[in-house]
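Observations on chain architecture
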Amino acid sequence: MIGPGLTTSYAPPFALVRNHFVVSAAAYFSLTIALVVVAPWMQGHYFQPHLLGLTHLAALGWISMIIMGALYQLVPVVLETRLWSARLAQITFWIFLPGALGLIMHLWAYQTGPGLWGSGSLTLLAFILFVANLLATLAHVEKWNITGVHILAALAAIVLAATLGFALAYNLSKPYLPGDHLHYLRAHAHLAFLGWVLLVVMGVAYKLIPMFSLAHGYSMTAGMWAFGLVSFATIGLMTAWSFNLFAGHSNASNHLEVFYALLLAAGIAAFLGQMWQVFRHRMRKQTDVSMHHTVLSFIFLAFATTLGVAQFFLPARWPQATQDGLVLLYGWLGFIGFAGFIIVGQTYKILPFLVWFNKYSDRVGQTKVPMLKDMFDERLAKIELVLMSTGFLLAAVALPSANTTLFRFGAVVLSVSAAIFVWNVITIFRR
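Keep in mind that what you see is a predicted model, and the values were worked out from it rather than measured.

We now examine the overall build of the chain. Across its full length, the chain carries 12 helices and zero strands. When the helices and strands of the chain are placed in sequence order, the string is α-α-α-α-α-α-α-α-α-α-α-α. Expressed along its principal axes, the backbone C-alpha trace of the chain runs to roughly 70 × 50 × 45 Å. Relative to its 431 residues, the chain shows a buried fraction of 54%. Restricting to contacts in the chain with at least 6 residues of sequence separation, those with at least 24 account for 82%. Working note: accessible area of the chain is about 18,300 Å², and carbon and sulfur atoms make up 68% of it. The averaged location of the 11 negative side-chain charges in the chain is 5 Å from the averaged location of its 22 positive side-chain charges.

Moving on, we get to the packing of aromatic side chains. Going through the model one piece at a time under the given rule, you end up with 25 aromatic pairs. Centroid distance Tyr 170 to Tyr 176: 5.8 Å. Interplanar angle 65 degrees. Geometry classified as edge-to-face. Take Tyr 170: its relative accessible area is 26%, and that puts it in the partly exposed class. Accessibility expressed as a relative area gives 43% for Tyr 176, which makes it partly exposed. Within the aromatic cluster, the residues linked to one another by ring pairs are Tyr 28, Trp 62, Tyr 348, Phe 376 and Phe 421.

End to end, helix 3 (residues 86–109) covers 35 Å across 24 residues, agreeing with the expected 34 Å (1.5 Å per residue, within 8%). In the stretch just after helix 3, Tyr 110 is the one whose phi turns positive, near 50 degrees.

On to unusual backbone geometry, then. One non-glycine residue, Glu 80, lies in the positive phi region at around 55 degrees. Here Glu 80 shows up in the loop between helix 2 (49–78) and helix 3. Judged by its relative accessible area of 43%, Glu 80 falls in the partly exposed class.

Time to look at empty space enclosed by the protein. Throughout the structure, instances matching the rule amount to three cavities of 30 Å³ or more. Its boundaries defined by the atoms lining it, the largest cavity holds a volume of some 300 Å³. Along the wall of the largest cavity there are 20 residues; nearest its centre are Val 201, Val 204, Ile 342, Ile 343 and Gln 346. Within the residue set of the lining of the largest cavity, elements represented by two or more residues are helix 2, helix 6 (181–213) and helix 10 (320–360). For the lining of the largest cavity, the element with the highest residue contribution is helix 6, accounting for seven residues.

Taken together, Leu 135, Trp 144, Val 149 and Leu 152 make up a surface patch of nonpolar side chains, about 320 Å² in accessible area. Residue Trp 144 is classed as partly exposed on the basis of its relative accessible area, which comes to 40%.

This paragraph deals with the side chain of Ser 415. Among the secondary structure elements, Ser 415 is positioned in helix 12 (residues 404–430). On the accessibility criterion, Ser 415 (9% relative accessible area) is buried. With near-sequence residues (within four places) excluded, Ser 415 lies in contact with Phe 29, Thr 32, Ile 33 and Val 36.

This next bit is on the nonpolar core. Core analysis: the largest hydrophobic core is formed by 147 residues, its most contacted members being Leu 71, Trp 196, Trp 332 and Phe 407. The dominant element in this core, judged by the number of residues it contributes, is helix 6, at 21 residues. With near-sequence residues (within four places) excluded, Trp 196 lies in contact with Ser 64, Ile 67, Met 68, Leu 71, Phe 127, Phe 130, Ala 154, Leu 155, Ala 157, Ile 158 and Leu 191.

Moving on: the environment of Phe 259. Mapped onto the elements, Phe 259 comes out in helix 8 (residues 251–280). Overall, Phe 259 belongs to the partly exposed group, its relative accessible area being 44%. As for Phe 259 and Ala 240, which are separated by 19 residues in sequence, their C-alpha atoms are 9.8 Å apart.

A word on the packing of helix 2 against helix 3. Two elements in contact, helix 2 and helix 3, have axes separated by 7 Å at closest approach and are oriented at 165 degrees. It follows that helix 2 is roughly antiparallel to helix 3 by the angle criterion. As for how helix 2 packs across helix 3, the hand of that crossing is left-handed. Contacts from Pro 49, His 50, Leu 52, Gly 53, Leu 54, His 56, Leu 57, Leu 60, Ser 64, Met 65, Met 68 and Tyr 72 of helix 2 reach helix 3 at Ala 89, Thr 92, Phe 93, Phe 96, Leu 97, Ala 100, Leu 103, Ile 104, Leu 107 and Trp 108. Among the residues making up the contact of helix 2 with helix 3, the classes are represented as 17 nonpolar, five polar and no charged.

Conventions adopted
- Residues numbered from 1 in each chain as written.
- Predicted model: local features only at pLDDT ≥ 70, side-chain atom pairs only at ≥ 80, totals over all residues.
- Heavy atoms only, no water.
- Helix = DSSP H or I, 4+ residues; strand = E, 2+ residues; numbered from the N terminus.
- Buried < 20%, exposed > 50% of the residue type's maximum accessible area, 1.4 Å probe, protein only.
- Contact = heavy atoms within 4.5 Å.
- Areas by Shrake-Rupley, 256 points an atom, 1.4 Å probe, with all protein chains shown as cover.
- Lys, Arg positive; Asp, Glu negative; His and termini not counted.
- Charge placed at Lys NZ, Arg CZ, Asp CG, Glu CD.
- Phe/Tyr/Trp six-rings, centres within 6.5 Å; stacked < 30°, edge-to-face > 60°.
- Expected span 1.5 Å × (residues − 1).
- 1 Å grid on protein atoms, 1.4 Å probe; cavity = no way out; pocket = protein on both sides within 12 Å on 5 of 7 lines; lining within 4 Å.
- Points joined across faces, edges and corners; volume = space filled by probe spheres on them.
- Patch = residues over 30% accessible without salt bridge, like charges linked within 9 Å, V, L, I, M, F, W, Y side chains within 5 Å.
- Salt bridge = Lys/Arg side-chain N within 4 Å of Asp/Glu carboxyl O.
- Core = buried A, V, L, I, M, F, W, Y, C linked by side-chain atoms within 4.5 Å.
- Axes fitted to C-alpha atoms, helices over the stretch in contact; angles between N-to-C directions.
- Parallel < 35°, antiparallel > 145°, perpendicular 65-115°, else oblique.
- Left-handed = near helix turned anticlockwise from the far one by under 90°.
- Nonpolar A, V, L, I, M, F, W, Y, C, P; charged D, E, K, R; others polar.

Printed below as a string of structure tokens:
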């Protein structure tokens, strides 16, 4: 069967996964357009209404939406068990969508009243229902693997991150949390990114990339180390930041942060080393546009990790504007560079097969059906990759120097690449 491992009798209804992919693609395009508008605000401190709104558009509307859809498809197939409730998954989608949209809009306008924390409560409820559905699904798993372990840990992280996010939304309306709001915000952002996005990507990558590249005969030792180090370091950072919050900043708390940041970097290095082993053992030597996106994603992850660690060692006398610019660059490398490139790249692999299987699998041998490579225009996808890389790098260069003109130009180029990507997604569904 074409694309083994993506669709079996365990798979959920295609409409469930389709809805998540469609909304995610629309959110990505909306994000790139909004980046053109907010170019003048892409400088200074990150705690600005427009930047908060855009960050949540990326994190909820684009990244989390597609992760949830992908996990509904992959968890049953990879772990060989049916989704506990496809109906609950549909209900979750229709709770999450207005919740995330309301949260984004209220943060953008910095409306901190009941609308903000009300939207936050819907989003939290959706995540709780999503996690409950997958936990009930995982309860029936008989054959566990490294992908399943990553997903289980990521589910715990997203519930904690979403709960903290709701607490922060309510705190903006009626301050009650002790200490600095920004300390909680830093913990919320890193828990969501490291515990949710990174762990899911790592776990799914161990399954999909070897499958698509036909890689065999490699050790998974580095992957095991990566999971242990990233998980331990994430918990450690949350602990260190909590200690810093309640005990006050001290050399001890700062040393703990540096220690766990270095452990995290070691874990990410182990993950990248594992992916290098997979690439070395692949039988399909020719790389396609999806793999090019994925390789760039891993490169940007390495840069984001390096910059994240380096910020602990920046001279205190550096201008505040420079430090703020590097923080924005750090987020840009993580969200758009790492998460963005791998999402776009793997969409070119996953979505064509799911649509093809849903529409044509029962017609094979009876009538002429399109091949997987015909499901979208790969020539356009290559142009999209060049434009996405160019726009991303131009904007990345502009952030530390607060060059509004260069950032806006990069955002325009990025939005053109997003439009091409969305057109290819539409083409896949039309096929």
